[in-house]
Every structure is written in structure tokens, then in C-alpha cells.
Amino acid sequence: MRLLRSTDLALRVLMRLAVATDATPTTRQVAADMDVPYTHAAKVVAELQHLGLVDARRGRRGGLTLTEKGRTASVGAVVRVFEGDGDVVECEGATPCPLRSGCRLRGALRRAQEAFFASLDPVTVAEIVAEPTGPLLLGISQGPGTV
């Protein structure tokens, strides 16, 4: 299973904000740190804000902060939201699979997908930024040429 780009970015944004000790980076700064287009980062940040995981303030003293809910959020829950509840394979699409009425693969893949999510459920954002990840994130968040 491969995560959507938005899911990957959402997790990286949460991780980045989890180590932002006293700074409140902007969406533009986070996009630059993660080397992704600003528009993509803005959409992901908006969804994280909607979920109550990130607080975003505009203006001169604005920026992004991780909420307590974001710090304790289940990685599995975040992945579920961004990935959606669709099947791993598309059996009923524009050209339906001829095996769909008697195939056992779809159910097996659904169970595997749920096992994947379930294995991430007990993991929190705070846990995934523990040593050695946290210091690495701090290093990239300073960007090239900043000290």
C-alpha cells in the first residue's frame, strides 16, 4: 500500500510542528522545509486545522502550532482521514472486474488495509518525533543557510 501524497505531507507537517519548540512557522515555511508546493501544503494544513490538530493564525504574529489534540493524535486516525475508506483495488469502476462476483481478493485486501490502519492506531504524533527523529526535524526546519 502506498500513501497518498497528502497523507504523507499531513504526517510530516504534524511531525514538523511537534518539534517547533517556541517558533510558529507559516504554511509557506513548512512547505519550503518539506520541499512541496505551497498550494498543496495549504490544503493539507486547512484539513489538519479542520480536524483540530493544528491551530493556524494569520497576520504578523501568525503561524502554525500543533494543538494538544494534534500531539496526542493517533497516526492511524490521521491516515484514515486522509486516505479515505476506499478499497485498495477498484472492482466496480468504469470497467468492472469480471471476477467481482466470486473474488476473494477484495476482502483479503480490505482486511490487510484495516490491519495496516490498526497497527498505526496506538502510535501518536508525539511518539513518532521522539529521538532520533526530533533532532533531525529540527535540522531541516532551520533550512539551508540559517543558524
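Counting of residues starts from 1 at the beginning of each chain's written sequence and follows it residue by residue. Per-residue local features are limited, in this predicted model, to residues with pLDDT of at least 70; the limit for side-chain atom pairs, both in listing and counting, is 80 or more; totals at the level of whole chains, interfaces and linings are taken over all residues. In computing side-chain properties, one takes all heavy atoms of the structure into account and sets aside hydrogens as well as water.

The name an unreviewed UniProt entry gives the protein is Transcriptional regulator, with Streptomyces roseochromogenus subsp. oscitans DS 12.976 as the organism. UniProt positions are given in the numbering used here, feature names are shortened, and annotations may be inferred rather than shown by experiment. UniProt's Cofactor (unreviewed entry) comment on the protein is quoted here verbatim: "[2Fe-2S] cluster".

K.L.:
When you look at the packing of aromatic side chains in this model, what are you seeing that I'm missing?
P.N.:
The geometry of an aromatic ring pair is captured by two quantities: the separation of the ring centres and the angle between the planes. Stacked, tilted and edge-to-face are the three classes applied to pairs of Phe, Tyr and Trp rings, where Trp contributes its six-membered ring and a pair requires centres within 6.5 Å; stacked means planes under 30 degrees apart, edge-to-face means over 60, and tilted covers the rest. Evaluated as defined, the whole model comprises one aromatic pair. Taking 5.8 Å as the distance between ring centres and 50° as the angle between the ring planes, the aromatic pair formed by phenylalanine 116 and phenylalanine 117 counts as tilted. Only protein chains enter the accessibility calculation, which uses a 1.4 Å probe. A residue is then buried if its area is under 20% of the maximum for its type, exposed if over 50%, and partly exposed in between. By relative accessible area, which is 3% here, phenylalanine 117 ends up buried. Any Lys NZ or Arg CZ that is within 6 Å of a ring centre and within 35 degrees of that ring's normal is treated as a charge sitting over the ring. Between arginine 28 and the ring centre of tyrosine 38, over which it is positioned, the NZ or CZ distance is 4.0 Å.

K.L.:
Please clarify how helix H2 (residues 27–34) should be interpreted in this entry.
P.N.:
Because the α-helix completes a turn every 3.6 residues, residues three or four places apart line up on one side. Secondary structure follows DSSP: runs of H or I at least 4 residues long count as helices, runs of E at least 2 residues long count as strands, and numbering of each begins at the N terminus. Within the span of H2, buried status applies to Thr27, Val30, Ala31, Asp33 and Met34. Considered in projection along H2, the buried side chains sweep an arc of 160° and stay on one side of the axis. Among the exposed residues of H2, those oriented more than 90 degrees off its buried face are Arg28 and Ala32. Aspartate 35 occupies a position one or two residues after H2 and carries a positive phi of about 55°. Directions drawn from the helix axis to the C-beta atoms are what define this arc.

K.L.:
Would you explain the nonpolar core in this entry?
P.N.:
Grouped together as the largest cluster of nonpolar side chains are 29 residues, with contacts concentrated most on Leu9, Val13, Leu14, Leu17, Leu48 and Val78. Breaking this core down by element, the ones donating at least two residues are helix H1 (5–18), H2, helix H3 (38–50), strand S2 (63–66) and helix H5 (75–83). Looking at which element gives the most residues to this core, the answer is H1, with eight residues. Other than its neighbours up to four places away in sequence, leucine 14 contacts Leu48, Leu53, Val54, Leu66, Val78 and Val125. We call a set of buried residues a nonpolar core when its members are Ala, Val, Leu, Ile, Met, Phe, Trp, Tyr or Cys and they connect through side-chain atoms within 4.5 Å of each other. For this analysis, residues touch if any pair of their heavy atoms sits within 4.5 Å.

K.L.:
Looking at this structure, I do not really get unusual backbone geometry. What am I missing?
P.N.:
Negative phi characterises most residues that are not glycine, and trans characterises most peptide bonds. Phi is positive for aspartate 35, which is not a glycine, with a value near 55°. Structurally, aspartate 35 can be placed in the loop between H2 and H3. Taking the relative accessible area as the measure of exposure, aspartate 35 reaches 71% and is therefore exposed.

K.L.:
Hey, could you run me through the pattern of salt bridges in this one?
P.N.:
Close approach of charged atoms allows side chains of opposite charge to pair. Just to be clear on terms, a salt bridge is a Lys or Arg side-chain nitrogen sitting within 4 Å of an Asp or Glu carboxyl oxygen. Tallying each qualifying case throughout the model produces six salt bridges. A salt bridge links arginine 12 to aspartate 8; its shortest N-O distance comes to 3.3 Å. Here aspartate 8 and arginine 12 lie together in helix H1, a separation of four residues that amounts to about one turn. A relative accessible area of 26% means that arginine 12 is categorised as partly exposed. With relative accessibility at 33%, the residue aspartate 8 sits in the partly exposed group. Across the pair arginine 80 and glutamate 114 runs a salt bridge whose closest N-O atoms are separated by 2.6 Å.

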